[in-house]
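# Commentary on secondary and tertiary structure
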Amino acid sequence: MPARKLGQSTEVPWADFSPDLDPTSPGILLDSDGAIPTIKGYKARNAPVLYAPALPAKPLGGYVAFYANGTVSVLAATAQHIYRLQGGVWAVADTTGPFAATHPWNFAQFAHDVIAVNPDVADMLVANGAVGTFGNLGGTPPNNPTTVISVAGFAAAYVANQWFNSSAGTDTGWTPDVQTQSGLGFLYDYPGNIIAASSFFRNQIVWKNSAMWLL
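Residues numbered from 1 in each chain as written. Predicted model: local features only at pLDDT ≥ 70, side-chain atom pairs only at ≥ 80, totals over all residues. Heavy atoms only, no water.

## A closer look at unusual backbone geometry
Here is the rule we go by: Every helix listed is a DSSP run of H or I at least four residues long, and every strand listed is a run of E at least two residues long, numbered separately from the N terminus.
The amide bond that connects Gly-97 to the next residue, Pro-98, takes the cis arrangement and shows omega of 5°. Residue placement: Pro-98 occurs in the loop between β8 (89-92) and β9 (106-110). Located in the positive-phi region is Ala-160, a residue other than glycine, with phi close to 55°. In this structure, Ala-160 sits in the loop between β14 (154-159) and β15 (162-165). With a phi angle near 55°, Phe-201 is a residue other than glycine that sits in the positive phi range.

## Considering a nonpolar patch on the surface
The cut-off we apply is this: Patches were defined on residues exceeding 30% relative accessible area and lacking a salt bridge, with like-charge contacts within 9 Å and nonpolar side-chain contacts (Val, Leu, Ile, Met, Phe, Trp, Tyr) within 5 Å. Each accessible area value is a Shrake-Rupley result obtained with a 1.4 Å probe; residue values ignore everything except the protein chains displayed when judging cover. Salt bridge, as applied in this entry: a Lys or Arg side-chain nitrogen positioned within 4 Å of an Asp or Glu carboxyl oxygen. Relative accessibility under 20% of the residue-type maximum defines a buried residue, over 50% an exposed one, and the middle range a partly exposed one, all with a 1.4 Å probe and only protein chains included.
A cluster of nonpolar side chains, Val-64, Phe-66 and Val-72, forms an exposed patch at the surface whose accessible area comes to about 280 Å². Taking the relative accessible area as the measure of exposure, Val-64 reaches 37% and is therefore partly exposed.

## Overview of the pairing of strand β4 (residues 41-44)
Operational definition: When DSSP finds two or more bridges between two strands, those strands count as paired.
When strand β3 (residues 35-38) meets β4, the two strands line up antiparallel, connected through 4 bridges. By the bridge assignment, Ala-35 is partnered in β4 with Ala-44. Between β3 and β4, which pair antiparallel in sequence order, lie 2 residues.

## A short note on the sheet that holds strand β10 (residues 113-117)
The 4 strands are arranged β9-β10-β11-β12 in an open sheet whose pairing can be described as antiparallel. Edge positions in the open sheet fall to β9 and β12 (135-136), since each of these has one partner strand only. Relative to β10, β9 runs antiparallel, the two being bridged by 5 bridges. Bridging from a neighbouring strand, Ala-108 pairs with Ile-115 of β10.

## Digging into the nonpolar core
Let me state the cut-off plainly: Within this scheme, the nonpolar core is defined by two criteria: the residues are buried Ala, Val, Leu, Ile, Met, Phe, Trp, Tyr or Cys, and they are joined through side-chain atoms within 4.5 Å.
Ile-82, Trp-105, Phe-107, Val-114, Ala-116, Leu-125 and Phe-134 are the most contacted members of the largest nonpolar core, which totals 17 residues. Residue assignment for this core shows that the elements contributing at least two residues are β6 (72-77), β10 and β11 (125-128). In terms of nonpolar packing, the next biggest core, distinct from the first, is built from 13 residues, Val-117, Val-126, Val-159 and Trp-174 among them.

## Things to note about the confidence of the model for the protein chain
What counts, and what does not: A score from 0 to 100, pLDDT tells how confident the predictor is in each residue.
In the predicted model, the protein chain carries a mean pLDDT of 89, and the fraction of residues at 70 or more is 91%. Across the protein chain, the secondary-structure element scoring lowest on mean pLDDT is strand β1 (residues 3-6), at 52, and the one scoring highest is β10, at 98.

## Concerning the side chain of Ser-167
What counts is decided by this rule: Any N or O atom pair separated by 3.5 Å or less is treated as a polar contact, with the protein-specific requirement of one donor-capable and one acceptor-capable atom, and with residues adjacent in sequence counted only for side-chain atom pairs. The contact criterion used is simple: two residues touch if any of their non-hydrogen atoms lie within 4.5 Å.
Following the sequence through the fold, Ser-167 ends up in the loop between β15 and β16 (183-186). Note on Ser-167: relative accessible area 8%, which makes it buried. Within polar-contact distance, the side chain of Ser-167 engages the side chain of Thr-180 at 3.2 Å. With near-sequence residues (within four places) excluded, Ser-167 lies in contact with Gly-153, Phe-154, Gly-173, Thr-180 and Ser-182.

Structural data, given as structure tokens:
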């Protein structure tokens, strides 16, 4: 680390960020706001740059989808619509709005499909490909899911304390069937509703306010 001199002769090496030490300790950093550690010391954090213009309303969720052909789709949702950033402009990307959402939107990518859900919107929505528009997902999926994930070749959705998974290899088959491996069930061990879920390799992590499951 670089060093500084006190007076004419005392050299004090710079130490690391040490907020718990005595603030009079020589050489420690008490405030590193905007600083990023590197192998050579610290450098200034890059200044934020405006990536896109403002949305027409407050955002309630967003997602970046990556497709096999290398294209990228940047999505954002408000209370009334789902938007896609196209040529530096937010374009409406749904065919079933306007909505009346008050809760956050959640997104998941299943192959080239991006699935969007909101507990205030009855139908699960899907858009295929980088320019697809969001419409109702087929295959009798559950209504008003809180969140959705894609894991191990299945789409999974959660409503209250109940879970649902699609048929293997497709996001459009939701009728419980042992042959297609679609199914549903409940998480009863702890009270309350499922509030979030995430894929973890080929497993799922599911949260309630008072508990967490690895499935």
